[in-house]
Amino acid sequence: MTNREQPGWDEPCYVISVVSRMVGVNAQTLRYYERIELVEPSRSGGNMRLYSQRDIERLHRIKTLVYDMGVNAAGVDVILRLTDQIQQLEGTVEVLRGEIGRLQGEI
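Cut-off values and rules
- Residues numbered from 1 in each chain as written.
- Predicted model: local features only at pLDDT ≥ 70, side-chain atom pairs only at ≥ 80, totals over all residues.
- Heavy atoms only, no water.
- Salt bridge = Lys/Arg side-chain N within 4 Å of Asp/Glu carboxyl O.
- Helix = DSSP H or I, 4+ residues; strand = E, 2+ residues; numbered from the N terminus.
- Buried < 20%, exposed > 50% of the residue type's maximum accessible area, 1.4 Å probe, protein only.
- Phe/Tyr/Trp six-rings, centres within 6.5 Å; stacked < 30°, edge-to-face > 60°.

## Overview of the pattern of salt bridges
Here's step 1: Summed over the entire model, instances satisfying the criterion amount to eight salt bridges.
Here's step 2: Where glutamate 34 meets arginine 43, a salt bridge forms, and the shortest distance between an N and an O atom there is 3.1 Å.
Here's step 3: For the salt bridge of arginine 58 with aspartate 84, the shortest nitrogen-to-oxygen distance reads 3.3 Å. Of this pair, arginine 58 sits in helix α3 (residues 53-68) while aspartate 84 sits in helix α4 (residues 73-106); the two residues are 26 residues apart in sequence, bridging distant segments of the chain.
Here's step 4: Given a relative accessible area of 16%, arginine 58 falls into the buried group.
Here's step 5: Within this structure, Glu34, Arg43 and Arg49 form a network of salt bridges that share partners.

## Brief notes about the packing of aromatic side chains
Here's step 1: In this structure the tally under the stated criterion is one aromatic pair.
Here's step 2: Ring geometry for tyrosine 32 against tyrosine 33: centres 6.1 Å apart, planes inclined by 50°, an arrangement best described as tilted.
Here's step 3: In this structure tyrosine 33 comes out as buried when scored by relative accessible area, which is 4%.

Have a look at this one:
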């Protein structure tokens, strides 16, 4: 089971102060990442930012790219978009492989 298949993967449940400690960046940095649209946390009824486990994994990737690899915000955006596209394509390939297997079984 991959992380994306775990229950609660997309459930927004962490407030910014907790995420700040989990990721190791300050809350202002998280707000900046939201402002430049690298991450989009959910909002509670009281307009509090709520982050999911998926958001936290994305923030870890952003932190690695920025702090460890020296990538600027524009580069991070490109890398994340390409990574997302690759993951979508991998999912499509798996579906097609399953369909090919099913069709071969019918033949």
